[in-house]
Amino acid sequence: MLIEISGLTKTYRGGVVALDGIDLVVPTGMFGLLGANGAGKTTLMRILAGIMRPTGGRVVVGGHDLGTAPGRAAVQRTLGYLPQDLGVYPELTARQFLDYLALL
Amino acid sequence: MSTFVAALRYEFRMQVRKRAVWLVPGLTILLLLLIGASLLRDLFDPVEGRAVAKDAMVGLGLQLNALLPIGYGCLLADRLVRDDRLRVAPILDATPAPQGPRLLGKYLGAAAATAVPIVSIYAALAVAYAVHRSTPAALGWASLTFAAVVLPGLLFVAAFALTVPLLMPPPLFRVLFVGYWVWGNLVPPDLMPTLARSVLQPVGGYAINALLDFYGPDGDTALTGPVAGATLNFLRPEPSAATGWLSIAILLALAAAALAGGQVLRVRRADGPRLTGRAR
């Protein structure tokens, strides 16, 4: 799946600039993203997952524009996002938790 | 629709399994009985018991609704914020499920599950009374009382219990909530400015007085209406069918507003920076 990022910017409330005009093309296949703490890797991943809105720029994932609601929904139906700091509901079994996520 | 149903189903399932959900209302009832509350006497005492099914069931509903929502609100206080604490929120947010129906499902699922013990206690006492007095009408009055008095109050409490902890830690919310409940429902209005006896009172005074036409077993216990010398009397119109429905509508509208505010807060937070790893 091709990911095309152009001029991507994210400025948090308070003025902290996490991403500043990122241009990147991620080709189909395995791709690694390395960077120092605070470089904006998590911010970029959260934007790609549709959890966070960018301040500016454009992201197209597999032909779907994340800047539009239908595009974001299409990406979220396709893309699996596993945060580095993962938690689960203690009251649910693994099967039930996966079923819940699948239903969503 | 499927998002709403999935959230409702799983939130209900998770909450109803919590032991505290059953222990808190159970212990509250036990404590009430131990300190000599007239709960059982009003229903089953051959001399003091209420022979009229309506008096018994509405009176029982009022007694339960005056105290059990305190534990109810406290039990719901962590249900929304715990998604962040358990680090489940980013996974749920990355699904295509729209956030509005997900919040609504979580709200109704958790609220319904936490209400199960309250409903069970009320239903058990209503059935026992109906059998004891051979009065099936008691079940009808119990259902009406639940729908008009208990349910709006629980929906109101659940909405605020779910969303206010987005602004403060749940333990602090619980302390403030208990204080609010006593102040807003039980403190006499002529003692200090309070919401007691007003249309904003979640204990359901207007529904009891105006819709169910119940003024205590002796017919002289008004739970609503203006109080001489009290402030905020503009919130205490004379009870009528219109003010009864108005009170319910206001409680439900406030619940909807609390949920909408909570949704806005959640969206704003999801769009903010997230500390990860060691920085957390």
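As a reminder, the structure under discussion sits directly above these lines.
Definitions and limits used
Residues numbered from 1 in each chain as written. Chains lettered and ligands numbered in written order. Predicted model: local features only at pLDDT ≥ 70, side-chain atom pairs only at ≥ 80, totals over all residues. Heavy atoms only, no water. Helix = DSSP H or I, 4+ residues; strand = E, 2+ residues; numbered from the N terminus. Rg over C-alpha atoms; globule rule 2.2 N^0.38 Å. Buried < 20%, exposed > 50% of the residue type's maximum accessible area, 1.4 Å probe, protein only. Areas by Shrake-Rupley, 256 points an atom, 1.4 Å probe, with all protein chains shown as cover. Lys, Arg positive; Asp, Glu negative; His and termini not counted. Charge placed at Lys NZ, Arg CZ, Asp CG, Glu CD. Expected span 1.5 Å × (residues − 1). Bend = angle between axes of the 7 residues up to and from the residue. Contact = heavy atoms within 4.5 Å. Buried area = accessible area lost by both parts, 1.4 Å probe. Salt bridge = Lys/Arg side-chain N within 4 Å of Asp/Glu carboxyl O. Polar contact = N/O pair within 3.5 Å; in protein donor to acceptor, adjacent residues only side chain to side chain. Pairing = 2+ DSSP bridges. Core = buried A, V, L, I, M, F, W, Y, C linked by side-chain atoms within 4.5 Å. Phe/Tyr/Trp six-rings, centres within 6.5 Å; stacked < 30°, edge-to-face > 60°. Patch = residues over 30% accessible without salt bridge, like charges linked within 9 Å, V, L, I, M, F, W, Y side chains within 5 Å.

Participant: Honestly, the overall build of chain B in this entry has me stumped. Any pointers?
Facilitator: Per the secondary structure count, chain B includes 11 helices and zero strands. When its helices and strands are written in sequence order, chain B yields α-α-α-α-α-α-α-α-α-α-α. In summary, chain B has a C-alpha radius of gyration of 20 Å against a globular reference of 19 Å for 280 residues, a match within 12%. For the C-alpha atoms alone, the extent of chain B along its principal axes is close to 65 × 45 × 35 Å. In chain B, which comprises 280 residues, the proportion classed as buried is 50%. For chain B, the exposed area adds up to about 12,100 Å²; of that, 71% sits on carbon and sulfur atoms. Between the averaged position of the 24 positive side-chain charges in chain B and that of its 15 negative side-chain charges there is a distance of 16 Å.

Participant: Before we go on, may I ask you to explain helix α8 (residues 137-163) of chain B in this structure?
Facilitator: Side chains of residues three or four places apart in an α-helix project in the same direction, reflecting 3.6 residues per turn. For α8 of chain B, which comprises 27 residues, the first-to-last C-alpha distance of 38 Å matches the rise-based estimate of 39 Å (1.5 Å per residue) to within 8%. At Phe146 of chain B, α8 of chain B shows its largest kink, close to 40°.

Participant: Please clarify how the interface of chain A and chain B should be interpreted in this entry.
Facilitator: Interface size is commonly expressed as the accessible area that is lost once the parts come together. With 30 residues of chain A at the interface, the matching set in chain B holds 36 residues. Together chain A and chain B conceal approximately 3,000 Å² of surface at their shared face, both sides included; 57% is due to carbon and sulfur atoms. For the pair chain A and chain B, the interface holds two salt bridges. Between Arg82 of chain B and Glu91 of chain A there is a salt bridge whose closest N-O contact spans 2.9 Å. Applying the counting criterion to the chain A and chain B interface returns 10 residue pairs in polar contact (both at pLDDT 80 or more).

Participant: Got a minute to help me understand the pairing of strand β1 (residues 3-11) of chain A in this structure?
Facilitator: Consecutive side chains along a regular strand alternate between the two faces of the sheet. All names here are of chain A. Two elements, β1 and strand β2 (residues 17-26), share seven bridges in a ladder whose sense is antiparallel. Looking at the pairing, Glu4 lines up with Val25 of β2. From the end of β1 to the start of β2, which pair antiparallel, there are five residues, and Gly14 there has a positive phi angle of about 100°. With five bridges joining them, β1 and strand β3 (residues 56-61) adopt antiparallel strand pairing. What sits directly across from Thr9, in β3, is Gly56.

Participant: Would you explain the environment of Val16 of chain B in this entry?
Facilitator: Residue and element names in this part refer to chain B. In this fold, Val16 is placed in helix α1 (residues 2-16). The class for Val16 is partly exposed, based on a relative accessible area of 22%. For Val16, the residues in contact, after removing those within four places along its chain, are Trp22, Ala113 and Val116.

Participant: Before we go on, may I ask you to explain the nonpolar core in this structure?
Facilitator: If you look at soluble globular proteins, the nonpolar side chains tend to sit buried side by side. Core analysis: the biggest nonpolar cluster contains 49 residues, and Met57, Leu60, Leu64 and Tyr72 of chain B have the highest contact counts within it. At the level of secondary structure, the elements contributing two or more residues to this core comprise α2 (19-34), α3 (39-44), α4 (53-76), α7 (99-132), α8, α9 (170-186) and α11 (241-270) of chain B. Counting residues per element, this core draws most heavily on α7 of chain B, at 12 residues. Met57 of chain B has contacts with Leu43, Tyr122, Ala126, Tyr129, Ala138, Trp141, Ala142 and Thr145 of chain B, leaving out every residue within four places of it along the chain. In terms of nonpolar packing, the next biggest core, distinct from the first, is built from 15 residues, Ile5, Leu48, Met52 and Leu66 of chain A among them.

Participant: What exactly am I supposed to notice about the packing of aromatic side chains here?
Facilitator: Two aromatic rings, taken as a pair, are described by how far apart their centres are and by the angle between their planes. Residues and elements named next belong to chain B. A complete count under the given rule lists nine aromatic pairs over all chains for this structure. Judged by centre distance (6.0 Å) and plane angle (50°), the rings of Phe177 and Trp181 are tilted. Here the residue Phe177 and the residue Trp181 both occupy positions in helix α9, the gap between them amounting to four residues, near one helical turn. The pair Phe177 / Trp181 is uniform in exposure class, with both members buried.

Participant: Whenever I open this one, a nonpolar patch on the surface confuses me. Can you help?
Facilitator: There is a patch of nonpolar side chains on the surface, built from Leu23, Leu27, Leu30, Leu31, Leu34 and Ile35 of chain B and spanning about 660 Å² of accessible area. Note that Ile35 of chain B resides in the loop between α2 and α3.

Participant: What should I look at first to understand the pattern of salt bridges in this one?
Facilitator: Pairing of side chains with opposite charge becomes possible as their charged atoms draw close. The full count for this structure, using the stated rule, is 10 salt bridges over all chains. In this structure, Arg58 of chain A engages Asp65 of chain A in a salt bridge whose closest nitrogen and oxygen atoms are separated by 3.2 Å. Using a relative accessible area of 48% as the deciding quantity, one classes Arg58 of chain A as partly exposed. We classify Asp65 of chain A as partly exposed; its relative accessible area is 22%. Of the charged contacts, one joins Asp83 of chain B and Lys106 of chain B as a salt bridge, the two residues approaching to 3.0 Å between their closest N and O atoms. Remark: Lys106 of chain B occurs in helix α7 and Asp83 of chain B occurs in helix α5 (residues 82-85); sequence separation between them is 23 residues. For the residue pair Asp83 of chain B and Lys106 of chain B, the accessibility class agrees, reading buried in each case. One network of salt bridges, with partners in common, ties together Asp84, Asp93, Arg102 and Arg266 of chain B.

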